[in-house]
Amino acid sequence: MLTLKIDDVQLGAAAADKSEAIRLVAARLTDAGLVASGYVEGMLRREAQTATYLGSGIAIPHGTTDTRDLVQQTGVKVLHFRDGVEWADGQKAYVVIGIAAKSDEHLGILRQLTRVLSDDEVAARLPGVQSAADLTALLNGEQLSQPLLLDDSTLLLDFPAQDLPALQAAAAGLLRNAGALAPAAVNAVLATAANPLGQGLWLARVADDVLRTGVAFVRTAQPFSHEGFPVQGLVLIAARDGQHKPVLDRLIALISEQTVASLWPATGAEVVKLLTEEPRDGLEATYTIINPHGLHARPSAMLVKTVKEFESQIWVANLDGDSKPVNAKSLMKLVSLGVRQGHRLHFTAQGNDAPVALQRIGQAIADGLGEGAGE
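Now for a look at the structure at hand. This is a predicted model, so every value here is computed, not measured. (Residues numbered from 1 in each chain as written. Predicted model: local features only at pLDDT ≥ 70, side-chain atom pairs only at ≥ 80, totals over all residues. Heavy atoms only, no water.)

What follows deals with the nonpolar core. One finds Leu164, Leu167, Leu175, Leu181, Val206, Leu234 and Leu236 to be the most contacted residues of the largest nonpolar core, which totals 26 residues. In contact with Leu181, other than residues within four places in its own chain, are Ala172, Leu175, Arg176, Val186, Val206, Asp209, Val210, Leu211 and Ala238. The next biggest cluster of nonpolar side chains, apart from the first, holds 24 residues, and it includes Ile289, Leu337, Leu358 and Leu369. (Core = buried A, V, L, I, M, F, W, Y, C linked by side-chain atoms within 4.5 Å. Buried < 20%, exposed > 50% of the residue type's maximum accessible area, 1.4 Å probe, protein only. Contact = heavy atoms within 4.5 Å.)

Within the secondary structure, Asp8 is located in the segment before β1 (9–13). Engagement of the side chain of Asp8 in a polar contact is seen with the side chain of Lys77, the distance being 3.1 Å. Contact partners of Asp8, with chain neighbours within four places excluded, come to Thr3, Arg28, Val76, Lys77 and Val78. (Helix = DSSP H or I, 4+ residues; strand = E, 2+ residues; numbered from the N terminus. Polar contact = N/O pair within 3.5 Å; in protein donor to acceptor, adjacent residues only side chain to side chain.)

Right, let's talk about the sheet that holds β1 for a bit. Taking strand neighbours across the sheet as the criterion, the 5 strands line up as β1-β4-β5-β3-β2 in an open arrangement whose pairing is mixed. Lying at the two open borders of the sheet, with one neighbouring strand each, are β1 and β2 (53–55). Taken together, the 2 bridges between strand β3 (residues 58–59) and strand β5 (residues 91–100) define a ladder with parallel strand orientation. The residue of β5 that forms the bridge with Ile58 is Val95. Taken strand by strand, helix α5 (residues 132–139) contacts β1, β3, β4 (75–88) and β5, and its axis lies near 120° from that of β1. (Pairing = 2+ DSSP bridges. Axes fitted to C-alpha atoms, helices over the stretch in contact; angles between N-to-C directions.)

Turning our attention to the sheet that holds strand β8 (residues 201–206). The 5 strands are arranged β6-β9-β10-β8-β7 in an open sheet whose pairing can be described as mixed. Among the strands making up the open sheet, the edge pair consists of β6 (155–159) and β7 (195–198). Direction aside, neighbouring strands of the sheet carry axes that sit 25° apart on average. Bridge analysis of strand β9 (residues 214–226) against strand β10 (residues 229–238) gives 9 bridges, and the strand direction is antiparallel. What sits directly across from Ser225, in β10, is Pro230. Where helix α6 (residues 164–177) meets the sheet, it contacts β6, β8, β9 and β10, and its direction lies at approximately 160° from that of β9.

The subject of this paragraph is the pattern of salt bridges. One pass over the full model with this rule turns up 7 salt bridges. The partner of Lys5 in a salt bridge is Asp8, with the nearest N and O atoms 3.6 Å apart. Residue Arg23 pairs with Glu41 through a salt bridge whose shortest N-O separation is 3.9 Å. Of the two residues, Arg23 sits in helix α1 (residues 18–31) while Glu41 sits in helix α2 (residues 39–49), which places them 18 residues apart along the sequence. Sharing partners across several salt bridges, the network here consists of Lys5, Asp8 and Lys77. (Salt bridge = Lys/Arg side-chain N within 4 Å of Asp/Glu carboxyl O.)

Across the interface, helix α10 (residues 297–307) lies against helix α12 (residues 354–366) with an axial gap of 10 Å and an inter-helix angle of 160°. In terms of their interaxial angle, α10 and α12 are classed as roughly antiparallel. Where α10 crosses over α12, the handedness of that crossing is right-handed. Contacts from Leu303, Thr306 and Val307 in α10 reach Arg360, Ile361, Ala364 and Ile365 in α12. For the contact of α10 with α12, the class distribution of residues is 5 nonpolar, 1 polar and 1 charged. (Parallel < 35°, antiparallel > 145°, perpendicular 65-115°, else oblique. Left-handed = near helix turned anticlockwise from the far one by under 90°. Nonpolar A, V, L, I, M, F, W, Y, C, P; charged D, E, K, R; others polar.)

To continue, consider unusual backbone geometry. Within the chain, Glu227 stands out as a residue other than glycine whose phi angle is a positive 55°. Position of Glu227 among the secondary structure elements: in the loop between β9 and β10. A positive phi angle, close to 55°, is found at Gln258, a residue other than glycine. Tracing the sequence through the fold places Gln258 in the loop between α8 (245–256) and α9 (268–276).

All told, the structure shown has 2 aromatic pairs when counted by the stated rule. Note on Trp202 and Phe229: the rings are 6.1 Å apart at their centroids and 85° apart in plane angle, and the pair reads as edge-to-face. Within this pair, whereas Trp202 is found in strand β8, its partner Phe229 is found in strand β10, the two being separated by 27 residues in sequence. On the basis of relative accessibility, which here comes to 42%, the residue Phe229 falls in the partly exposed class. With a centroid separation of 6.0 Å and 50° between ring planes, the pair formed by Tyr287 and Phe347 is classed as tilted. Here Tyr287, found in strand β11 (residues 283–288), pairs with Phe347, found in strand β14 (residues 344–350); they are 60 residues apart in sequence, far enough to count as distant. (Phe/Tyr/Trp six-rings, centres within 6.5 Å; stacked < 30°, edge-to-face > 60°.)

The next subject is the side chain of Arg212. Tracing the backbone through its elements, the reader meets Arg212 in the loop between β8 and β9. If near-sequence neighbours (up to four positions away) are discounted, Arg212 is found in contact with Gln146, Pro147, Leu148, Leu149, Gly179, Ala180, Ala238 and Arg240.

Mapping Tyr94 onto the fold places it in strand β5. Between the alpha carbons of Tyr94 and Val129 there is a distance of 9.9 Å; along the sequence they are 35 residues apart. In contact with Tyr94, other than residues within four places in its own chain, are Gly57, Leu79, His80, Phe81, Arg82, Asp83, Gly84 and Pro127.

Now the structure itself:
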């Protein structure tokens, strides 16, 4: 995957407007031998078609398809504007990333940027970054919080336990083995009573000596009772930051909707989904992306624009990626899917205009999402 190097980054830039900012970053691309001199005109035309502001202070200007032959080598150059540059809809860009791409090699870095944007703490540090090394590390994701740990390694299904402390010990062992808990945290889990949530589910939590936010789930082979309450499973939450909050929300929903029992026959993958994803009903449709270079900024923006024309709630998942659905009205979320040519996008729409929305989305994808000769 294409990654940033310190030499790609320059701090202390200043520009009166975004056109000047684009010309400055284009000059960096040209001076580095990544593009021929005319590439800047394609960058300006692209910006006139669709603003390349990605969010959280980052803009990603790049050329049009008819200037791709001016790209001599795929690469990126980054300018940092301490005072920011007015970019789109009153938003300021503090980091401008000029992209030169022969094909779709740049999609990886776009996906990485969406991870940066989803980390509020990291995004907040961008305007005041002090060195090229720090900015490079931020944009490469080296200083991002680790994602929530909840997968097969933190699940133990049909465990032959006969008491609640055995479930707590097993859950703590899972998170310890996965690198989420220090030894002191394991001891804290064993020394703290778990709480009954009802319907056979128990909850234990630990916040001290946590190395990484994670969730473990242990399910009993045979139900038993503890202090008069049924026991069929236990969730252990180790919280270092706020990434566990969606799991708490899902636990609350399972309890209030009286659907905790869905956890007992579930497979590992189904357990993870029940604890992390809100069930969504609605009309569904799957479309294949035909764009030669996948969903880079321009077609992604066109797809989001189409989706936003409808009142329905619309989610999209990349069936050839991690298949986790995201809000289809968010450019950042859409780019994070890393969609390439041939990937299948599965849409779920919920609302009165859902049928028309799915039809229009399908037509927009079939039409190439605004990518044609010279665009």
